[in-house]
Amino acid sequence: MTFTKSIATRVLYTSIFVALSVVAWIFSMYAYEILEYIPYINDTCYEGTCGAFSVYRITFAMFFFHALLSIFLIGVRNAKDIRAQLNDGWWPLKIPLLCIIIVAAFFTPNVFFTYYAWAAIVGAGLFILIQLVLLVDFAYSWSESWVAQWQGDGVEEGENRSYLYALLAITGLLYIISLGFDAFMYGLFCFGDCWWNSLIITAVLLMCLFLSICSIHPRIQEFRSEEHTSELQSRSPS
């Protein structure tokens with residue numbers, strides 16, 4: 001029951017994040033047209049910068065909302081703590097509170113968000129770094145689990161090659177998706193004089209290709225662990 005509730009809570013928070021991200025994207029393009037008729041807000045909404053400052057306001061509201069929750073949940077170690085209910089429930093109160101914070105952010109002067117933008121750059125970089133660490137850990141755990149099933153570790157029947165084929169299929173699919181995203185970014189961000197965007201995307205693409213080749217190179221494979229390691233995954237000595 002607790003596990004199901006935890007999954008539902010994560011889905012709700014993720015849904016809110018995705019929904020507000022879409023709203024921020026809409027405001028980044030049409031904020032001036034949306035806000036120019038709203039009293040007081042239209043005084044701080046200029047056609048050239050209204051979109052960027054609207055995105056700052058929405059992202060700050062999300063940050064402030066989750067910061068409040070984090071403060072209230074300091075010291076909570078399990079679901080039995082009464083304050084854990086604040087994280088898993090109370091949605092009829094939390095969602096209106098988030099909406100109020102967003103509205104209040106639009107009545108905050110632009111000068112505040114001028115400084116917030118620089119802080120957000122640092123925060124966003126740290127957030128992406130943490131997500132990358134979690135993503136890599138998830139990929140390794142996934143690979144180890146399927147390789148163990150493929151090699152028959154702890155299974156009397158021996159090898160189960162269906163996991164090998166599934167692992168190869170997923171690996172190929174993820175490479176295709178990555179190439180698709182690269183093509184999408186080239187089409188969306190690389191036009192006109194945006195040579196810097198092209199340089200960064202190309203550098204990342206070449207680096208991924210280089211690391212992929214290194215991972216399956218025989219010399220690298222000599223130093224990988226023989227247990228729980230995919231053919232398409234490099235390993236350090238252990």
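No experiment lies behind these values; they were computed from the predicted model shown.

S.K.: How would you summarise the overall build of the protein if you had to cite specific residues and measurements?
M.R.: Across its full length, the protein carries eight helices and zero strands. When the helices and strands of the protein are listed from N to C terminus, the series reads α-α-α-α-α-α-α-α. Taken across its 238 residues, the protein has 24% of its residues classed as buried. The long-range share in the protein, meaning contacts at least 24 apart out of those at least 6 apart in sequence, stands at 51%. As displayed, the protein offers around 16900 Å² of accessible surface, 72% of which is attributable to carbon and sulfur atoms.

S.K.: Quick one: what's the story with helix H4 (residues 91-106), residue by residue and with numbers?
M.R.: With 16 residues, H4 ought to run about 22 Å at 1.5 Å a step, and its terminal C-alpha atoms sit 23 Å apart, in line with that. What H4 keeps buried is the set Trp-91, Lys-94, Leu-98, Ile-101, Ile-102, Ala-105 and Phe-106. Looking straight down H4, one finds its buried side chains confined to an arc of 140°; they lie on one side. Set apart from the buried face of H4 by more than 90 degrees, the exposed residues are Pro-92, Leu-93 and Ile-100.

S.K.: Describe the nonpolar core, naming the residues involved and giving the relevant values.
M.R.: The biggest cluster of nonpolar side chains holds 21 residues, and the ones touching the most others in it are Leu-20, Leu-35 and Phe-106. For this core, the secondary-structure elements that each account for two or more residues are helix H1 (2-35), helix H2 (50-72) and H4. Among the elements that take part in this core, H1 stands out by supplying seven residues, more than any other. Core analysis: the second largest hydrophobic core is formed by five residues, Phe-53, Phe-60, Phe-113 and Tyr-116 among them.

S.K.: Before we move on, could you go through empty space enclosed by the protein and cite the residues and values that matter?
M.R.: Under the definition given, this model contains two cavities of 30 Å³ or more. Roughly 50 Å³ of volume is contained in the largest cavity. Contributing to the lining of the largest cavity are Leu-35, Ile-41, Thr-44, Cys-45, Cys-50, Phe-53, Ser-54, Arg-57, Phe-106 and Asn-110. With four residues, the single largest contributor to the lining of the largest cavity is H2. In terms of residue class, the lining of the largest cavity is built from six nonpolar, three polar and one charged.

S.K.: Outline the packing of helix H5 (residues 110-151) against helix H6 (residues 161-189), supporting the account with residue identities and numerical values.
M.R.: Here H5 crosses H6 at 150°, and the two axes come no closer than 7 Å. Helix-helix and strand crossings are classified by hand; for H5 and H6 the assignment is left-handed. From H5, Trp-142, Trp-146, Val-147, Gln-149 and Trp-150 reach across to H6, where they touch Arg-161, Tyr-163, Leu-164, Ala-166, Leu-167 and Ile-170.

S.K.: Please give an account of the layout of surface pockets that cites residues and values.
M.R.: Put simply, the second largest pocket is a space of about 1100 Å³. The set of elements that each furnish at least two residues to the lining of the second largest pocket consists of H1, H2 and H5. Sort the elements by how many residues they give to the lining of the second largest pocket and H2 lands first, with nine residues. Considering only residue class, the lining of the second largest pocket consists of 17 nonpolar, nine polar and one charged.

S.K.: So what about the packing of aromatic side chains? Which residues, and what values?
M.R.: Summed over the entire model, instances satisfying the criterion amount to 14 aromatic pairs. With centroids separated by 6.3 Å and ring planes inclined at 45°, the aromatic side chains of Phe-60 and Phe-63 adopt a geometry described as tilted. Of the two residues, Phe-60 and Phe-63 both sit in helix H2, three residues apart, roughly one turn of that helix. Judged by its relative accessible area of 16%, Phe-60 is buried. Owing to a relative accessible area of 52%, Phe-63 belongs among the exposed residues under this scheme. Judged by centre distance (5.3 Å) and plane angle (85°), the rings of Trp-142 and Trp-146 are edge-to-face. With Trp-142 and Trp-146 both in helix H5, this residue pair falls four residues apart, about one helical turn. Here a set of aromatic residues connected by ring pairs shows up, and it is made of Phe-53, Tyr-56, Phe-60, Phe-63, Phe-64, Phe-112, Phe-113 and Tyr-116. Positioned above the aromatic ring of Trp-91 is the side chain of Lys-94, whose terminal nitrogen or guanidinium carbon lies 3.8 Å from the ring centre.

What counts, and where the lines are drawn
- Residues numbered from 1 in each chain as written.
- Predicted model: local features only at pLDDT ≥ 70, side-chain atom pairs only at ≥ 80, totals over all residues.
- Heavy atoms only, no water.
- Helix = DSSP H or I, 4+ residues; strand = E, 2+ residues; numbered from the N terminus.
- Buried < 20%, exposed > 50% of the residue type's maximum accessible area, 1.4 Å probe, protein only.
- Contact = heavy atoms within 4.5 Å.
- Areas by Shrake-Rupley, 256 points an atom, 1.4 Å probe, with all protein chains shown as cover.
- Expected span 1.5 Å × (residues − 1).
- Arc of directions from axis to C-beta.
- Core = buried A, V, L, I, M, F, W, Y, C linked by side-chain atoms within 4.5 Å.
- 1 Å grid on protein atoms, 1.4 Å probe; cavity = no way out; pocket = protein on both sides within 12 Å on 5 of 7 lines; lining within 4 Å.
- Points joined across faces, edges and corners; volume = space filled by probe spheres on them.
- Nonpolar A, V, L, I, M, F, W, Y, C, P; charged D, E, K, R; others polar.
- Axes fitted to C-alpha atoms, helices over the stretch in contact; angles between N-to-C directions.
- Left-handed = near helix turned anticlockwise from the far one by under 90°.
- Phe/Tyr/Trp six-rings, centres within 6.5 Å; stacked < 30°, edge-to-face > 60°.
- Lys NZ or Arg CZ within 6 Å of the ring centre and 35° of its normal.

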